[in-house]
Amino acid sequence: MSEPLLRGLMQLFAIIAKLDGVRPEERNVVEAFLNQQLNKEAVNKYLQAFDEYAQRQSRSKVDLTADSETFGERASVRDSSKMMLICNQVNQELTQEQKIVVLIRLFELVVADEKITDQEYEFVQTVGEVFNIPQKEFEHIERFVRQSNYESIDIENILLISKQGNKNLKRAKQLIVPDFEGFLVILRIESVDYYLLRYKGDKEYTLNSLPINPDQIYSLPTGGTIRGNKIHSIYFSDVEGKFWEHTQQDHINFVAEDIEYRFPNGKIGLRDISIAETSGALIGLMGSSGAGKSTLLEVLNGNLKPKKGKVLINGVSVHQNRKTLEGVIGYIPQDDLLIEQLSVYDNLLYAAKLSFSNLSPLMLRMKVNKLLQELGLTEIAHLKVGNSLDKTISGGQRKRLNIGLELLRAPSVLFVDEPTSGLSSRDSENIMDLLKELSSQGKLIFVVIHQPSSDIFKMFDKLYILDKGGYPVYYGNPVDAVIYFKQIINQINSENAECPECGNVNPEQIFDIIETRVVNEFGRFTDQRKVSPHEWYQHFKEHHKKSPIPTVNTSLPSTDTAKASRLQQAFIFFLRDIRAKLANWQYLLLTFLTPPFLGFILAYVCRHYVGDYSFRLNDNVPVFLFMCIIVSLFMGLIVSAEEIYKERKILKRESFLNLSWNSFLASKVALLIVISALQTTLFLLVALPILEVESLWWYYWIILFASAVFANILGLNISSAFNSAVTIYIIIPIILIPQLILGGIVIRFDRINPGLSNESGIPFVAEFMASRWAYEALAVAHFKENEYNRHYFSFDQQMANAEYKKTYLIPSLESKLSIIQSASSAEEEKQKAWQLICNTLEEESERLNTDLLPTAMGDKLPAPDELVDVEQTLSQLRKHYIAQFNKANQQKDELIRQATESPEAHQAFIEAKEKYTNDALNNFLLNTQSAERIVEKEDRFVQKIYPVYQAPEPGYFKAHFFAPVKYAGNWMLPTFTANALMIGLMAVLLYIVLYFNIPSRLINSSLSRLGRFGKE
């Protein structure tokens, strides 16, 4: 309190006290008030001020007789005016709780002489009105102070503590304490949740180690404890619980029985943990770093499954029946689980939409606004939450918002991990006040707390302390914990838990005792503890009796939540994600400026020319196509790689709602598809015009978009598997490098390590590379579907196949025939050559559907005179393919002649070839620059030249590289369509892998095995 305020209060006390003369009893009341607020030196100072004001008032003291009535009325008016001025000043500076204290002291002041005049009562009543104290509470305070038989007051805000109770009380609460002598009466001031007590009796009892004098009024602070001989201590939580027990609609029995938890590496994290609690309690979990506080919290809330024991809520297991407990459990982790780009209001609104699908948009907004008001966050409702580097709201406000996200659902059991971490003392107290209020409303709250202040420490109803190795060492009242540990080590004044001067408790005493170190001969502390964790655990087992497991006669608490359907959840997640991304300007700029920037860089670098630029003569087009795919994969990975990782803790919190994992993933994929579509469009709008790529825009877009979507889902798998952003971005290049190497252009498949190659010429491992499918699709489409080649492709294909047969295949067969005819050839060589001829002619016979096979065909080598039939067959084949080539060539020439009849058409034909074809790409797909045109593998000839014209064998997508078509069973699909479908199928398979969280499980399993191996 400020100096002017205290002087004003002394003046106010003096005005009221002087009305019938200042008596010693009244002065004692003022002194008692000052002792509550100030130190001894200041008490003397302001008590002297009171005396001076009282003497000054006494000089003008009024003789309240008939002869001096007029003068008395003037003095009374003058005092009333002065009193009003003081009350208005006090009203502005004191909290409502402090105003209650002032009113009580005023009542004590006027009844100190055991009588109260009308004028004194009128003055006190006026003070109550100016202080805005409700009339009902004013009357309760008056009765509590004035009534001599206060133990008989029968109102709802009275609690009577005695050993037998009072049967005549119908409305007042009662608490039976065996062997308690006398009556302890407690009045609750409901508007400020403030408690007053008076004792009637002659036994010695203490409040926070200070004696309770009979009939004197005391404040019962949070965490206060009443003690006495032969009685069990009466805790603040016992008193508070009595006032709240009738307002609790749902009853909770929480039981953790014989819990043991082991980490994946086999190390024991928790041992022999047993807890039994009911509704309306605030339970603190304490321990030194690494003792297992957070682990215990995770086991109790069901996130971690214990090796032994069980955790039950009203008889329902939290580990085996999570769906049944939906909406009952709430979890607030230590880290802020907020969507940083959204406003305070939007964070709550989207959480409400997920939990209350039965409410209209108006009702949802009303619910959110009401909660904002209760949390004191209305003024910052539309501020962006921000992060540690971009702060827009304070740490305390962030914590309150975190709590608010859980309060929306009103869970009956709430688990909070270090809510005061990183906060100022004021913010810490505000957060704990909020949690205490929630427990007072019937919720059961478990809080992991570290280094609490005295006030926060005393807020807890129970305290559970763990020591290193997960050993339980204390379970009981917080203040009694100090006494417990002091008594075990036989410390002096072990009965005193609080400072006798200020009433504060130092929780650090507990850990100073627990972790006391052995001192060596040089007076220095060693690393060895005096009492080991196991020894403290043995003391705990000796002194602590397990609470009996309560019989469960109640069902689970009801909840008004109505979880959104899976489709609604996906839509809400989608909208929430869009809103968050639109609010992040850095993300938007990088996401949508990167594609055109990379498109410009890639296209500009690849725009090679000598003299005037010509697309046909640009040697970098094959590389450009491939790098477009790599860029798409890169952008798809980058935008998705953190999507699950950064929301993992939010998902953990929302897991208590049993929300759909599939809905969350679907929303992510849907949004990433939209982003990838826009990125692909922006990339191509810049890149293609620079290289003057014409007519194939949609082919580019479809393949690059499919590649990006594949990378999106692959990135989501990475995001779900790893728990570090650094690891994620190390993994991305590790994934991209195989896509580069095995894409088919950096290292040609016919030049790859023989150990990786196979019959089709495509390495098996390359079949899993999206880049290989995408590049083949785009290259073949570029060759087949451009505005020039698409008119002549079928003719060129016939000519190329005929050219291969007559120029390469038949001469090779004739060469093998000459080996058979040669007398110097070995028998084995002849047999191999004959088998090769037989196999090739069988294939040709099936392909041509004609009976061209010679009669000498068989497994045995033919006689020399029988080889004439083979020679004739080969000659017929050559003639057939020459005719085929000539026919296709004539048809193509005729088509070209018709297209170039006029000079303008002829010029357009030449320009089309310049605009739409590329020599480097043609050479790459025709393989004309390779010395190998045909090779012999085992007992067959393999075509190497003209792969883009070569029809593959029927099968399921199995074909040589750059095949013009693919088979899906009996269906023949263009390579572009087939490869696009294959990339889509790979994306679907990755989604299934992601849905079942396979990468995360594999990594966690591997780490667990490594941990066990290291331990062994």
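Since this is a predicted model, take the numbers as computed values, not measurements.

Reading the values: rules and limits
- Residues numbered from 1 in each chain as written.
- Predicted model: local features only at pLDDT ≥ 70, side-chain atom pairs only at ≥ 80, totals over all residues.
- Heavy atoms only, no water.
- 1 Å grid on protein atoms, 1.4 Å probe; cavity = no way out; pocket = protein on both sides within 12 Å on 5 of 7 lines; lining within 4 Å.
- Points joined across faces, edges and corners; volume = space filled by probe spheres on them.
- Helix = DSSP H or I, 4+ residues; strand = E, 2+ residues; numbered from the N terminus.
- Nonpolar A, V, L, I, M, F, W, Y, C, P; charged D, E, K, R; others polar.
- Pairing = 2+ DSSP bridges.
- Core = buried A, V, L, I, M, F, W, Y, C linked by side-chain atoms within 4.5 Å.
- Buried < 20%, exposed > 50% of the residue type's maximum accessible area, 1.4 Å probe, protein only.
- Contact = heavy atoms within 4.5 Å.
- Patch = residues over 30% accessible without salt bridge, like charges linked within 9 Å, V, L, I, M, F, W, Y side chains within 5 Å.
- Areas by Shrake-Rupley, 256 points an atom, 1.4 Å probe, with all protein chains shown as cover.
- Salt bridge = Lys/Arg side-chain N within 4 Å of Asp/Glu carboxyl O.
- Lys, Arg positive; Asp, Glu negative; His and termini not counted.
- Charge placed at Lys NZ, Arg CZ, Asp CG, Glu CD.
- UniProt positions renumbered as here; feature names shortened; annotations may be inferred.
- Expected span 1.5 Å × (residues − 1).
- Bend = angle between axes of the 7 residues up to and from the residue.
- Polar contact = N/O pair within 3.5 Å; in protein donor to acceptor, adjacent residues only side chain to side chain.
- Disulfide = S-S within 2.5 Å.
- Axes fitted to C-alpha atoms, helices over the stretch in contact; angles between N-to-C directions.
- Parallel < 35°, antiparallel > 145°, perpendicular 65-115°, else oblique.
- Left-handed = near helix turned anticlockwise from the far one by under 90°.
- Phe/Tyr/Trp six-rings, centres within 6.5 Å; stacked < 30°, edge-to-face > 60°.
- Lys NZ or Arg CZ within 6 Å of the ring centre and 35° of its normal.

Engineer: Is there a simple way to think about empty space enclosed by the protein in this case?
Structural biologist: A probe matching the size of a water molecule, rolled over the atoms, marks out where space remains unfilled. This structure, assessed with the given rule, holds 11 cavities of 30 Å³ or more. The calculated volume of the largest cavity comes to roughly 90 Å³. Along the walls of the largest cavity sit A351, A352, L354, S355, L405, E406, L408, R409, R653, E654 and L657, which together make up its complete lining. Looking at the lining of the largest cavity, the elements with two or more residues in it are α10 (344-355), α12 (395-407) and α21 (648-654). Of all the elements, α10 adds the most residues to the lining of the largest cavity, at four residues. In the lining of the largest cavity, the residues fall into six nonpolar, one polar and four charged.

Engineer: What's the story with the sheet that holds strand β7 (residues 218-219) in this structure? I'm lost.
Structural biologist: Across a sheet, strands are paired by hydrogen bonds formed along the backbone, either parallel or antiparallel in direction. Reading across the sheet, the five strands line up as β2-β1-β3-β4-β7 and stay open at both edges, with mixed pairing between neighbours. Here the strands that pair on one side only, and so sit at the sheet edges, are β2 (173-176) and β7. As paired strands, strand β1 (residues 158-162) and β2 are joined by four bridges and run parallel to one another. In the strand pairing of β2, S162 is matched with I176.

Engineer: How do you make sense of the nonpolar core when you look at a structure like this?
Structural biologist: Side chains of a nonpolar character, in soluble globular proteins, are inclined to be buried together. Core analysis: the biggest nonpolar cluster contains 133 residues, and F624, L625, Y700, Y775 and L925 have the highest contact counts within it. With 14 residues, helix α23 (residues 697-721) is the single largest residue contributor to this core. When near neighbours in sequence (up to four residues on either side) are disregarded, L625 contacts Y700, Y775, L778, A779, H782 and L921. Counting residues in each nonpolar core, the second largest holds 96 residues, with F254, V311, I449 and Y475 among its members.

Engineer: Please explain a negative patch on the surface as it appears in this structure.
Structural biologist: The grouping of E374, D433, E437 and D455 at the surface amounts to a negative patch. By secondary structure assignment, the location of E437 is in helix α13 (residues 425-440).

Engineer: Sorry, what's going on with the sheet that holds strand β8 (residues 225-228) here?
Structural biologist: With antiparallel pairing, four strands are arranged side by side in an open sheet as β6-β5-β8-β9. Strands with a single pairing partner mark the edges of an open sheet, and in this sheet they are β6 (210-211) and β9 (234-235). Examined bridge by bridge, β8 and β9 share two bridges and lie antiparallel to one another. Note on β9: the bridge partner recorded for T225 is Y235.

Engineer: Help me out: how do you make sense of the UniProt feature "transmembrane region" (unreviewed entry) in the protein in this one?
Structural biologist: Within the UniProt annotation, "transmembrane region" (unreviewed entry) is assigned to residues 585-604, 624-645, 665-691, 697-716, 728-749 and 971-996. Structurally, residues 624-645 comprises 77% helix and 0% strand, and the distance from its first C-alpha atom to its last is 33 Å. Along residues 697-716 one finds 100% helix and 0% strand; the C-alpha atoms at either end are 28 Å apart.

Engineer: Where do I start with helix α19 (residues 585-606) in this structure?
Structural biologist: Because an α-helix completes one turn every 3.6 residues, residues spaced three or four positions apart along the sequence face the same direction. Given a rise of 1.5 Å per residue, 22 residues ought to cover 32 Å, and the 31 Å separating the end C-alpha atoms of α19 matches this to within 8%. Roughly 30° is the biggest bend found in α19, and it falls at T594, with proline P595 one to four residues downstream. Among the structural elements, α18 (566-582), α20 (621-640) and α22 (661-691) are those in contact with the buried residues of α19. By the N-cap criterion, in which a side-chain oxygen at the helix start approaches the backbone nitrogen of a residue two or three places on, α19 is capped by N584, the distance to Q586 being 3.3 Å.

Engineer: Even after reading the chapter, I still don't get the pairing of strand β23 (residues 940-943), so can you show me in this structure?
Structural biologist: The side-chain alternation of β23 yields one buried face, formed by F941 and Q943, and one unburied face, formed by R940 and V942. Bridge analysis of strand β22 (residues 934-937) against β23 gives four bridges, and the strand direction is antiparallel. Bridge pairing in β23 links I934 to Q943. A loop of two residues connects β22 with β23, the two strands running antiparallel in sequence, and E938 in this loop sits at a positive phi of about 55°.

Engineer: Which parts of the structure should I look at to understand the state of the cysteines?
Structural biologist: For the coordinates displayed, the defined rule picks out zero disulfides. Unpaired in this structure, C628 has its nearest cysteine sulfur neighbour in C606, at a distance of 7.8 Å.

Engineer: Just to check I follow, could you spell out the packing of α20 against helix α24 (residues 725-741) for this structure?
Structural biologist: For any two helices packed against each other, one specifies the crossing angle of their axes together with the interaxial distance. In the contact formed by α20 and α24, the axes pass within 11 Å of each other and the chain directions differ by 155°. Classed by the angle they form, the pair α20 and α24 counts as roughly antiparallel. When you trace α20 past α24, the crossing you get is right-handed. Residues F626, M627, I630, L633, F634, L637 and I638 of α20 lie in contact with α24, whose contacting residues are Y729, I732, I735, L736, Q739 and L740. Tallied by class, residues from the contact of α20 with α24 come to 12 nonpolar, one polar and no charged.

Engineer: Would you take a moment to explain the pattern of salt bridges for this structure?
Structural biologist: Here the idea is simple: oppositely charged side chains can pair when their charged atoms come close. Across all of its chains, the model carries 45 salt bridges by this definition. Salt-bridge contacts for R616 lead to D919; the nearest nitrogen and oxygen are separated by 2.8 Å. Of this pair, R616 sits in the loop between α19 and α20 while D919 sits in helix α30 (residues 919-926), and the two are 303 residues apart along the sequence. Residue classification places D919 among the partly exposed residues on the basis of a relative accessible area of 26%. R940 is the partner of E843 in a salt bridge, and the nearest nitrogen-oxygen pair spans 2.0 Å. Within this pair, whereas E843 is found in helix α27 (residues 827-848), its partner R940 is found in strand β23, the two being separated by 97 residues in sequence. When salt bridges with common partners are traced through the structure, they connect R576, D577, K581, E643, K646, E647, E654 and K668 into a single cluster.

Engineer: Would you take a moment to explain the UniProt feature "domain: ABC transporter" (unreviewed entry) in the protein for this structure?
Structural biologist: With numbering matched to this structure, UniProt assigns "domain: ABC transporter" (unreviewed entry) to residues 254-493. Annotated as 33% helix and 25% strand, the span residues 254-493 places its first and last C-alpha atoms 36 Å apart.

Engineer: Just checking my understanding: could you explain the packing of aromatic side chains for this structure?
Structural biologist: As enumerated under the stated definition, the model contains 42 aromatic pairs in all. Taken together, a centroid distance of 5.5 Å and an interplanar angle of 20° make the contact between F600 and Y604 stacked. In this pair, F600 and Y604 both sit in helix α19, four residues apart, roughly one turn of the helix. Look at Y604 and you get exposed, because its relative accessible area is 55%. Each ring, one from F783 and one from Y949, has its centre 5.7 Å from the other, and the planes form 70°; the classification is edge-to-face. One end of the pair, F783, is in helix α25 (residues 770-784); the other, Y949, is in the loop between β23 and β24 (965-968), and 166 residues separate them in sequence. For the pair F783 and Y949, one class covers both residues: buried. An aromatic cluster of three or more residues is present, and its members are F626, F749, Y775, F924, F961 and F962. In this structure, K784 packs its charged tip against the face of F793, placed 5.2 Å from the ring centre.

Engineer: What is the right way to look at unusual backbone geometry in this model?
Structural biologist: It is generally the case that most residues other than glycine have a negative phi and that most peptide bonds are trans. Backbone geometry places N132, a non-glycine residue, at a positive phi of 60°. Here N132 is to be found in the loop between α6 (118-130) and α7 (135-146). Residues other than glycine seldom take positive phi values, yet N927 does so here, at roughly 55°. Summarising the element assignment, N927 is placed in the loop between α30 and β22.

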